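# Descriptive analysis of the structure
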Amino acid sequence: VQLQASGGGLVQAGGSLRLSCAASGRIRGIYCMGWFRQTPGKEREFVGAIVWSDGDTIYADSMKDRVTISRDNTKNTMYLDLNSLKSEDTAVYYCALDVPPSRGPYASVRLYDYWGRGTLVTVSS
């Protein structure tokens, strides 16, 4: 299974950005997909996740007012809409995939079986 994250780039503070994550390869099932972000020297931080079967979403409290996660089942693609971006949102954003059966909390990096390489989002102030 391969995950390809895209859509990162340079955006001004207050702006918006849409990230995509396309899953490909021998996908034997998707329980959920998640977004994380990471800055140098810090641990990977949970942004949010989406349950594949019903589209239920879970967000980090710190992000829930500014992000929306959605999916396109037909394309095995997940999206992350980032709004009202701040300089502190600058990070590499990673997507991840959890195959069933799910084993734990969505916010845990240990839940996910596959990871993409990440896409860099830079917010200029």
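Attention in this report is confined to the structure presented alongside it. The model shown is predicted, which means the values in this text are computed figures rather than measured ones. (Residues numbered from 1 in each chain as written. Predicted model: local features only at pLDDT ≥ 70, side-chain atom pairs only at ≥ 80, totals over all residues. Heavy atoms only, no water.)

### Overview of the environment of Arg26
The residue Arg26 is located in the loop between β3 (17–24) and β4 (32–38) in this model. On the accessibility criterion, Arg26 (80% relative accessible area) is exposed. Sequence separation between Arg26 and Ser53 is 27 residues; the distance between their C-alpha atoms is 18 Å. (Helix = DSSP H or I, 4+ residues; strand = E, 2+ residues; numbered from the N terminus. Buried < 20%, exposed > 50% of the residue type's maximum accessible area, 1.4 Å probe, protein only.)

### Considerations on the state of the cysteines
Tallying each qualifying case throughout the model produces one disulfide. Note that Cys21 is cross-linked by a disulfide to Cys95, the S-S spacing being 2.1 Å. Judged by the sign of its S-S torsion, about 70°, the bond between Cys21 and Cys95 is right-handed. Within this pair, whereas Cys21 is found in strand β3, its partner Cys95 is found in strand β9 (residues 91–98), the two being separated by 74 residues in sequence. Residue Cys21 is classed as buried on the basis of its relative accessible area, which comes to 0%. Considering cysteine sulfurs only, Cys21 is the nearest to Cys32, which forms no disulfide, with 12 Å between them. Judged by its relative accessible area of 0%, Cys32 falls in the buried class. (Disulfide = S-S within 2.5 Å.)

### Description of the packing of aromatic side chains
One pair of aromatic rings is described through two measures. These are the centre distance and the angle between the planes. If you walk through the whole model with that rule in mind, you get five aromatic pairs. Considering the side-chain rings of Tyr112 and Trp115, the 5.9 Å spacing of their centres and the 65° angle between planes classify their relative orientation as edge-to-face. For Tyr112, a relative accessible area of 6% corresponds to the buried category. Among the residues examined, Trp115 registers a relative accessible area of 29% and is labelled partly exposed. Counting every residue linked through ring pairs, the aromatic cluster contains Phe36, Phe46, Tyr112 and Trp115. Here the guanidinium or amino end of Arg44 rests over the ring plane of Tyr94, the centre of that ring lying 3.7 Å away. Looking at Arg44, its charged tip hangs above the ring of Trp115, at a distance of 4.9 Å from the centre. (Phe/Tyr/Trp six-rings, centres within 6.5 Å; stacked < 30°, edge-to-face > 60°. Lys NZ or Arg CZ within 6 Å of the ring centre and 35° of its normal.)

### What about the nonpolar core?
With 35 residues, the main nonpolar core has Met33, Trp35, Met78, Leu80, Leu82 and Tyr93 as its most contacted residues. Secondary structure elements with two or more residues in this core: β1 (2–6), β3, β4, β5 (45–51), β7 (67–72), β8 (77–82), β9 and β11 (119–124). The element contributing the most residues to this core is β9, with five residues. Ignoring sequence-local partners within four residues, the contact set of Met78 consists of Leu19, Ser20, Cys21, Met33, Gly34, Trp35, Ile50, Trp52, Ile69, Ser70, Arg71 and Cys95. (Core = buried A, V, L, I, M, F, W, Y, C linked by side-chain atoms within 4.5 Å. Contact = heavy atoms within 4.5 Å.)

### Focus: the side chain of Asp98
Mapped onto the fold, Asp98 is located in strand β9. A distance of 3.0 Å separates the side chain of Asp98 from the side chain of Ser102, its partner in a polar contact. (Polar contact = N/O pair within 3.5 Å; in protein donor to acceptor, adjacent residues only side chain to side chain.)

### As for the sheet that holds β7
What the four strands build is an open sheet, ordered β1-β3-β8-β7; its pairing is antiparallel. In this open sheet, the two strands that pair with only one neighbour each are β1 and β7. Across the sheet, the mean angle separating the axes of adjacent strands is 15° when strand polarity is ignored. The pairing of β1 with β3 spans five bridges and is antiparallel. Note on β3: the bridge partner recorded for Ala5 is Cys21. (Pairing = 2+ DSSP bridges. Axes fitted to C-alpha atoms, helices over the stretch in contact; angles between N-to-C directions.)

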